[in-house]
Amino acid sequence: MLEGAISVSPGGSTIDRVVEPSAEFDANAGLAGALDVAALLTADLRRHIRCGATAMPHLDRQQIADKLIAETALLLLMASRAPHIPGRPGRILGLAGTLARFARAPRYYAQLAASPQAALGIALAHVALTLLGFEDRLFDEAVADALDDPSAEAIDRPGFRHLELIWLRALHAEATPDFGFHPDVSLLQHKLHPAWMRREDGYAATHAAMYLTDFGRQPLPASIRPDRIAFFLDHSLTWCAAARDWDLLAEILIAGIASHQPAARHGWALRQLAGRFSEHGALFGPACETSAIPPGREWMQSSELLLHAYHPTFVYGILCALELNAPSAGHRHVRDSDGADAAIEGELILLTRNGPWDALLNRLQELEPTAEGRLAESCEAAAAKLIRIIRAKAAERS
C-alpha cells in the first residue's frame, strides 16, 4: 500500500509528500489488471457510454463512444506487442472480437465520407483490430479513402495531432512513419519545465514522443535533443508524483521508454504507480476524489468510477506492455535518498505552480544554497517565476 506523510511547508502550505510504496512493479500483473478493466468496459459498453456524461461532461455521447472504443483498441494493440504468456493472447483476441462490433458501427461510414478529418478519431480502432486479425474489407475501404483524402488535413490540429495522423496512416499501411519536417512542430523541441507548463502541455509532449517513435519501435528524429527529453522527463516525474496525477505520470514514463531514454528516477516512479495500482487493481484520474473510491475491488460495480479509472489504467497497461518489450534501466533499486529528493523537488514544483508565494519564497531560501542537479534546476525555475510574480504585484500597486 502507498503511505503518505504530511509535510507542512513554511508559510502555512500543507502538501502531501509522496514516499516509497511497498509494492514492487510487476509488468505482467499490471497488464493483466488493465485487461480486466477493458473486459469490464466492453462487457456493457453501451451502458457505460450512457453514463459517461458524469465523468466526461465536456463530451457528447458520440464522442464518449469514440474515445472509449479507440483507447480500448490501442491498449489491445500494445498488449499484443508484449511477449506472450499463457492465456494472454486468447484474452486479447476475445476482447478484440467484442470491440469489433462497436468499432465499425454503420454511423461511421457517413462520418468518414462527409468529413475525412474525422478519420483521426475513428480509424485507430479499426486499424488496431485489423492488425489483431479482425478484418473488415468494406470498412477498410472507407477508412483508406478518408485517410488518403487531402481534406483529412483541412482542420486546425495541435502539433502532436499532426504527428498522430502520420503515425496512423503508416500503421494502416503497415509501413514505417515518415515524419519529414513535422517533428519541428512538437513541444519536444523546447526546454520544458513543469513550472511553466499546463497539464495539457505534458500530455502533448508525451504523445509526440509516442507517435514519433511508434511507441518505441523507432528512434526519435535527430532534430529532437536528448538532453531536452531528459530535462522534461526528470522534472515532470516528480511533479506528477507529488500531484498524485497517476495518469500523466504513466504517460511520462511511456515517453521515456518510447524515446529510449528512461528518466533517472524511472524505477522510483514505477514503484509509485505500482503501490497505487495495488490498492484497487486500477489507477484513477485526478478528478476522482480518493475518498469516493470503495476499498479493494468494490469500485468495479460503479460505472462512474470505471469511467474515471479506465484511462489511467489503460495507460498503465500500455506502460507495462512497453516495459515487457524493453525492460528499462529504471528497474534497478534507487537509493532511499533519491526518493526523498524526488519528494522534495515535487513539493517545490507544486508550490511554484500554485503558491502560496510566501511559502515558495521560504522554501526556496531553505533549498537553494545546497541544491544540486535537477533540484537546483527547479530552484532556478522557481526563483524566475517568483521574480515575475513580485514584479506583477508591484505593477498592480503602482
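A quick note: this is a predicted structure, and the numbers were derived from the prediction, not measured.

Analysis parameters
- Residues numbered from 1 in each chain as written.
- Predicted model: local features only at pLDDT ≥ 70, side-chain atom pairs only at ≥ 80, totals over all residues.
- Heavy atoms only, no water.
- Helix = DSSP H or I, 4+ residues; strand = E, 2+ residues; numbered from the N terminus.
- Buried < 20%, exposed > 50% of the residue type's maximum accessible area, 1.4 Å probe, protein only.
- Lys, Arg positive; Asp, Glu negative; His and termini not counted.
- Salt bridge = Lys/Arg side-chain N within 4 Å of Asp/Glu carboxyl O.
- Polar contact = N/O pair within 3.5 Å; in protein donor to acceptor, adjacent residues only side chain to side chain.
- Contact = heavy atoms within 4.5 Å.
- Expected span 1.5 Å × (residues − 1).
- pLDDT = per-residue confidence, 0-100.
- Phe/Tyr/Trp six-rings, centres within 6.5 Å; stacked < 30°, edge-to-face > 60°.
- Lys NZ or Arg CZ within 6 Å of the ring centre and 35° of its normal.
- Core = buried A, V, L, I, M, F, W, Y, C linked by side-chain atoms within 4.5 Å.
- Axes fitted to C-alpha atoms, helices over the stretch in contact; angles between N-to-C directions.
- Left-handed = near helix turned anticlockwise from the far one by under 90°.
- Nonpolar A, V, L, I, M, F, W, Y, C, P; charged D, E, K, R; others polar.
- Patch = residues over 30% accessible without salt bridge, like charges linked within 9 Å, V, L, I, M, F, W, Y side chains within 5 Å.
- Areas by Shrake-Rupley, 256 points an atom, 1.4 Å probe, with all protein chains shown as cover.
- Charge placed at Lys NZ, Arg CZ, Asp CG, Glu CD.

A. Inspection of the side chain of Arg 104 at higher detail. Tracing the backbone through its elements, the reader meets Arg 104 in the loop between helix H5 (88-103) and helix H6 (107-114). The buried charged residue Arg 104 lacks any salt bridge partner; its closest oppositely charged side chain belongs to Asp 136, at an N-O distance of 4.6 Å. Here the side chain of Arg 104 touches His 126 through a polar contact of 3.0 Å, side chain to side chain. At 2.6 Å, the side chain of Arg 104 forms a polar contact with the backbone oxygen of Phe 134. Dropping the residues within four chain positions of it, Arg 104 is found in contact with His 126, Leu 129, Thr 130, Phe 134, Glu 135, Asp 136 and Phe 139.

B. Spotlight on the pattern of salt bridges. Per the counting criterion, the structure on display carries 16 salt bridges. Its salt-bridge partner being Arg 199, residue Asp 245 comes within 2.5 Å of it at the nearest N-O pair. One end of the pair, Asp 245, is in the loop between helix H11 (226-242) and helix H12 (246-258); the other, Arg 199, is in helix H10 (residues 199-212), and 46 residues separate them in sequence. Assessed through its relative accessible area of 28%, Arg 199 is described here as partly exposed.

C. Representation of H5 within the structure. The end-to-end C-alpha separation of H5 is 22 Å, in line with the 22 Å expected for 16 residues at 1.5 Å each. Listed as buried for H5 are Arg 88, Ile 92, Leu 95, Ala 96, Thr 98, Leu 99, Ala 100, Phe 102 and Ala 103.

D. Structural view of the confidence of the model for the protein chain. Confidence in the prediction of the protein chain, expressed as mean pLDDT, is 88, and 90% of residues score 70 or more. Predicted confidence for residues 1-20 stays below pLDDT 50, and this span has 61 contacts to residues more than four positions away or in other chains. Of the regions scoring below 50 in pLDDT, residues 329-337 engages in 12 contacts with residues more than four places distant in sequence or in other chains.

E. A look at the packing of aromatic side chains. Per the counting criterion, the structure on display carries 8 aromatic pairs. Each ring, one from Tyr 310 and one from Phe 314, has its centre 5.4 Å from the other, and the planes form 85°; the classification is edge-to-face. Here Phe 314 and Tyr 310 lie together in helix H14 (residues 303-325), a separation of 4 residues that amounts to about one turn. Classification of Tyr 310 by relative accessible area gives buried; the value is 1%. Here Phe 314 falls in the buried class, since its relative accessible area comes to 2%. Members of the aromatic cluster, joined through ring pairs, are Phe 25, Phe 277 and Tyr 316. Positioned above the aromatic ring of Phe 231 is the side chain of Lys 191, whose terminal nitrogen or guanidinium carbon lies 4.8 Å from the ring centre.

F. A look at the environment of Phe 231. On the secondary structure map, Phe 231 appears in helix H11. On the basis of relative accessibility, which here comes to 9%, the residue Phe 231 falls in the buried class. It is 34 Å that separates the C-alpha atoms of Phe 231 and Ile 69, two residues lying 162 residues apart in sequence. Beyond its immediate sequence surroundings of up to four residues, Phe 231 is in contact with Lys 191, Leu 192, His 193, Arg 374 and Glu 377.

G. Examining the side chain of His 126 more closely. You can see His 126 is positioned in helix H7 (residues 119-131). Every residue in contact with His 126, bar those within four places of it in the chain, is listed here: Arg 104, Asp 136, Phe 139, Asp 140 and Val 143.

H. Up close: the nonpolar core. In this structure, Leu 68, Trp 167, Phe 215, Leu 273, Trp 299, Tyr 316 and Leu 319 are the most contacted members of the largest nonpolar core, which totals 119 residues. Here the element with the most residues in this core is H14; it accounts for 13 residues. Apart from the residues within four sequence positions on either side, Trp 299 is in contact with Val 37, His 280, Ala 282, Phe 284, Ile 293, Pro 294, Leu 305, Leu 306 and Ala 309. In terms of nonpolar packing, the next biggest core, distinct from the first, is built from 12 residues, Leu 348, Cys 379, Ala 382 and Leu 386 among them.

I. Structural view of the environment of Gly 30. Relative to the assigned elements, Gly 30 resides in helix H1 (residues 27-43). Through-space distance from the C-alpha of Gly 30 to that of Phe 277 is 7.8 Å; in sequence the pair is 247 residues apart. Excluding residues that lie within four positions of it along the chain, Gly 30 makes contacts with Phe 277, Tyr 316, Gly 317 and Cys 320.

J. Just unusual backbone geometry, in detail. Of note, the amide linkage connecting Gly 355 to Pro 356 takes the cis form, showing an omega dihedral of 0°. Structurally, the position occupied by Pro 356 is in the loop between helix H15 (336-354) and helix H16 (357-367). With phi around 60°, His 260 is a residue other than glycine that occupies positive phi space. Tracing the chain through its elements places His 260 in the loop between H12 and helix H13 (266-280).

K. Molecular detail of the packing of H12 against H13. One can describe the packing of H12 onto H13 by two numbers: an axis separation of 11 Å at closest approach and a directional angle of 140°. Taken as a pair, H12 and H13 cross one another with a handedness that is left-handed. Within the contact between the two elements, H12 uses Trp 246, Leu 249, Ala 250, Leu 253 and Ile 257 and H13 uses His 266, Ala 269, Leu 270, Gln 272, Leu 273 and Arg 276. Considered class by class, the residues forming the contact of H12 with H13 number 8 nonpolar, 2 polar and 1 charged.

L. Molecular detail of a positive patch on the surface. There is a patch of like positive charges on the surface, built from Arg 46, Arg 50, Arg 61 and Arg 101. For Arg 61, the position within the fold is in helix H4 (residues 61-81). The exposure class assigned to Arg 61 is exposed, which follows from its relative accessible area of 51%.

M. How the structure looks around the environment of Leu 305. Along the chain, the position of Leu 305 falls in helix H14. Classification of Leu 305 by relative accessible area gives buried; the value is 10%. Sequence spacing of Leu 305 and Arg 244 is 61 residues, and the spatial spacing of their C-alpha atoms is 17 Å. With near-sequence residues (within four places) excluded, Leu 305 lies in contact with Phe 284, Cys 288, Ala 292, Ile 293, Pro 294 and Trp 299.

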